[in-house]
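# Residue-level structure breakdown
Given next are the chains, with one letter for each unit.
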Amino acid sequence: MGRVLGEEIHSLAVQDPISGSVITLNYRRPTSEERVAYQVSAFRLDGGERRLCLGETRLKFGLEILTGFASGSFSVSEDGRREDLDPARHPDWKDRLARHAPDLVSYLGQVVFEGLRTVREDREWG
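Read on for a plain summary of the structure. Keep in mind that what you see is a predicted model, and the values were worked out from it rather than measured.

The next subject is the sheet that holds strand E5 (residues 66-69). As summarised here, the arrangement of the three strands in space is E1-E2-E5, forming an open sheet in which the pairing is antiparallel. The open sheet has two edge strands with one neighbour each: strand E1 (9-15) and E5. Each neighbouring strand pair of the sheet contributes to a mean axis angle of 30°, computed without reference to strand direction. Relative to E5, strand E2 (residues 22-28) is paired through three bridges, and the arrangement is antiparallel. Pairing of Leu25 across the sheet is with Phe69, part of E5.

Attention now goes to the pairing of E1. Look at any regular strand and the pattern is simple: side chains alternate between the two faces of the sheet. Along E1, the buried face is formed by His10, Leu12 and Val14; none of Ile9, Ser11, Ala13 and Gln15, which line the opposite face, is buried. One ladder, built from seven bridges, connects E1 with E2; its direction is antiparallel. Opposite Val14, over in E2, you have Ile23 as the bridge partner. Hairpin connection from E1 to E2: six residues lie between these consecutive antiparallel strands, with Gly20 at a positive phi of about 80°.

Here we take up helix H3 (residues 93-100). Within the span of H3, buried status applies to Trp93, Arg96 and Leu97. The buried residues of H3 occupy an angular sector of 95° when projected down its axis, which confines them to one face. Facing away from the buried side of H3 by over 90 degrees, the exposed positions are Asp95 and Arg99. Packing partners of the buried residues in H3 comprise E5, strand E6 (75-78) and helix H4 (102-114).

A few words now on the nonpolar core. Core analysis: the largest hydrophobic core is formed by 22 residues, its most contacted members being Leu25, Phe74, Leu97 and Leu108. Only E1, E2, helix H2 (54-65), E5, H3 and H4 provide two or more residues apiece to this core. The contacts of Phe74, once residues within four sequence positions are left out, are Ile23, Leu25, Phe69, Asp84, Leu85, Leu97, Ala101 and Leu104.

For the rest of this paragraph, the subject is the environment of Gly47. Mapped onto the elements, Gly47 comes out in the loop between strand E3 (43-46) and strand E4 (49-52). Spatially, the C-alpha atom of Gly47 lies 40 Å from that of His10, the residues being 37 residues apart in sequence.

Its 12 residues give H2 an end-to-end C-alpha distance of 16 Å, which sits within 8% of 16 Å, the value for a rise of 1.5 Å per residue. Every buried residue belonging to H2 is among Thr57, Arg58, Phe61, Gly62, Leu63 and Ile65, and all of these are buried. Buried residues along H2 sit in contact with E2, helix H1 (32-41), E5, H3 and H4.

Side chains that differ in charge, positive against negative, can pair when their charged atoms come close. For the structure shown, the criterion picks out 10 salt bridges. Taking the shortest distance from any N to any O, the salt bridge between Glu56 and Arg51 comes out at 3.0 Å. The residue Glu83 makes a salt bridge to Arg89 at a minimum N-O spacing of 2.9 Å. Arg89 sits in the partly exposed class, given a relative accessible area of 49%. Through salt bridges with shared partners, a single network forms among Arg44, Asp46, Arg51 and Glu56.

Reading guide: rules and limits
- Residues numbered from 1 in each chain as written.
- Predicted model: local features only at pLDDT ≥ 70, side-chain atom pairs only at ≥ 80, totals over all residues.
- Heavy atoms only, no water.
- Pairing = 2+ DSSP bridges.
- Helix = DSSP H or I, 4+ residues; strand = E, 2+ residues; numbered from the N terminus.
- Axes fitted to C-alpha atoms, helices over the stretch in contact; angles between N-to-C directions.
- Buried < 20%, exposed > 50% of the residue type's maximum accessible area, 1.4 Å probe, protein only.
- Arc of directions from axis to C-beta.
- Contact = heavy atoms within 4.5 Å.
- Core = buried A, V, L, I, M, F, W, Y, C linked by side-chain atoms within 4.5 Å.
- Expected span 1.5 Å × (residues − 1).
- Salt bridge = Lys/Arg side-chain N within 4 Å of Asp/Glu carboxyl O.

Following this line, the structure appears as structure tokens:
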């Protein structure tokens, strides 16, 4: 099925290399301003030298567009027991993901902001 135009929230299913499970991240479509800011943020001048900052940029913008995740995707240990990370009960959920799952959030940023690919006539990804 193709893209549903006008949808507010989109999902990206990712195979988590640490847990081995599929994690579903929900995100909103970036604005045009965010797309431009992402491109500008990818490089910085540091002492007159251009420095590539893709890792920081992917994480920052991945966090900005991240709206949530499928139930059961992440768990935390609280008071000696494990429970699902829940944005409704854990207002610092984005901070926790930035600290403990930056690879997944950065991947979201990379796919959404950089992930367009072309398909050759034989339908293989190019």
